[in-house]
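Next come the chains, spelled out residue by residue.
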Amino acid sequence: MRAFRAAVEAHDIDAVEALLAEDVVFTSPVVFKPYRGKAITAAILRAVERVFEDFRYERVIGEEGGRDHALVFSARVGDREIGGCDFLRLDESGRIDELTVMVRPLSGAQALQAAMAAQFERIAQEAQGAQAGTAG
């Protein structure tokens, strides 16, 4: 999906958030239980933006106009190289309703988990703030 890729590569998380369905389901590479909702997913993606270095998409798999896409990426967390893939599923309106991220190798996933754990409190605050802003 071109809009998602362009927003991520431009480090424009507000634009990424605008592409998410309200009931998006985010499946993390390091947490078993999926996260549900736009606010928490956007907060997690903001944290990923803070911890990933040298992020770049290497290729996109999926048909133009299709509902399923895979975006293969590489990045670094600290001194660990990571390879991964963002799997996107679009709803009928073209919004992302499923986002699953997978990463490898295990040492990279462990570095990502540790870096994201350090972001947990900020993620929770950002998600709460976003939900409070939409409730009023």
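Residues numbered from 1 in each chain as written. Predicted model: local features only at pLDDT ≥ 70, side-chain atom pairs only at ≥ 80, totals over all residues. Heavy atoms only, no water.

Moving on, we come to helix 3 (residues 38-51). With 14 residues, helix 3 should reach 20 Å at 1.5 Å per residue; the first-to-last C-alpha distance of 20 Å fits that figure. Counting buried residues in helix 3 gives 11 out of 14 residues, a clear majority hidden from the surface. Among the residues making up helix 3, those that are buried are K38, A39, I40, T41, A42, A43, I44, L45, A47, V48 and V51. (Helix = DSSP H or I, 4+ residues; strand = E, 2+ residues; numbered from the N terminus. Expected span 1.5 Å × (residues − 1). Buried < 20%, exposed > 50% of the residue type's maximum accessible area, 1.4 Å probe, protein only.)

Now for the sheet that holds strand 3 (residues 53-61). Taken together, the six strands give an open sheet; going across it, the order is 2-1-6-5-4-3, and neighbouring strands pair in mixed fashion. Each edge of the open sheet is held by one strand with a lone partner, namely strand 2 (35-36) and strand 3. Two elements, strand 1 (residues 20-27) and strand 6 (residues 96-104), share four bridges in a ladder whose sense is parallel. In the strand pairing of strand 6, F26 is matched with L99. Packed onto the sheet, helix 3 meets strand 1, strand 2, strand 3, strand 4 (68-77) and strand 6 and runs at close to 55 degrees relative to strand 1. The strands touched by helix 4 (residues 106-117) are strand 4, strand 5 (80-90) and strand 6; relative to strand 5, the strand with the most contacts, the crossing angle is about 75 degrees. (Pairing = 2+ DSSP bridges. Contact = heavy atoms within 4.5 Å. Axes fitted to C-alpha atoms, helices over the stretch in contact; angles between N-to-C directions.)

All of the buried residues along helix 1 (residues 2-9) are F4, A7 and V8. An end-on view of helix 1 places all buried positions within 95 degrees of arc, on one side of the element. Here the buried face of helix 1 lies against helix 2 (13-18), strand 3, strand 4, strand 5 and strand 6. (Arc of directions from axis to C-beta.)

Here the largest pocket is characterised by a volume of approximately 620 Å³. Looking at the largest pocket, it is lined by 33 residues, and the ones nearest its centre are F26, I44, L45, V48 and M116. Going through the elements one at a time, helix 1, helix 2, helix 3, strand 3, strand 6, helix 4 and helix 5 (120-135) are the ones with two or more residues in the lining of the largest pocket. Among the elements that take part in the lining of the largest pocket, helix 3 stands out by supplying five residues, more than any other. Considered class by class, the residues forming the lining of the largest pocket number 25 nonpolar, three polar and five charged. (1 Å grid on protein atoms, 1.4 Å probe; cavity = no way out; pocket = protein on both sides within 12 Å on 5 of 7 lines; lining within 4 Å. Points joined across faces, edges and corners; volume = space filled by probe spheres on them. Nonpolar A, V, L, I, M, F, W, Y, C, P; charged D, E, K, R; others polar.)

Turning our attention to unusual backbone geometry. Backbone torsion omega between R104 and P105 reads -5 degrees, so that peptide bond is classified as cis. As for its placement among the helices and strands, P105 is situated in the loop between strand 6 and helix 4. In the Ramachandran plot, H11 falls in the positive-phi region, its phi being about 60 degrees despite a non-glycine side chain. One can find H11 in the loop between helix 1 and helix 2. The phi torsion at D54 lies on the positive side, around 55 degrees, for a residue other than glycine. Structurally, the position occupied by D54 is in strand 3.

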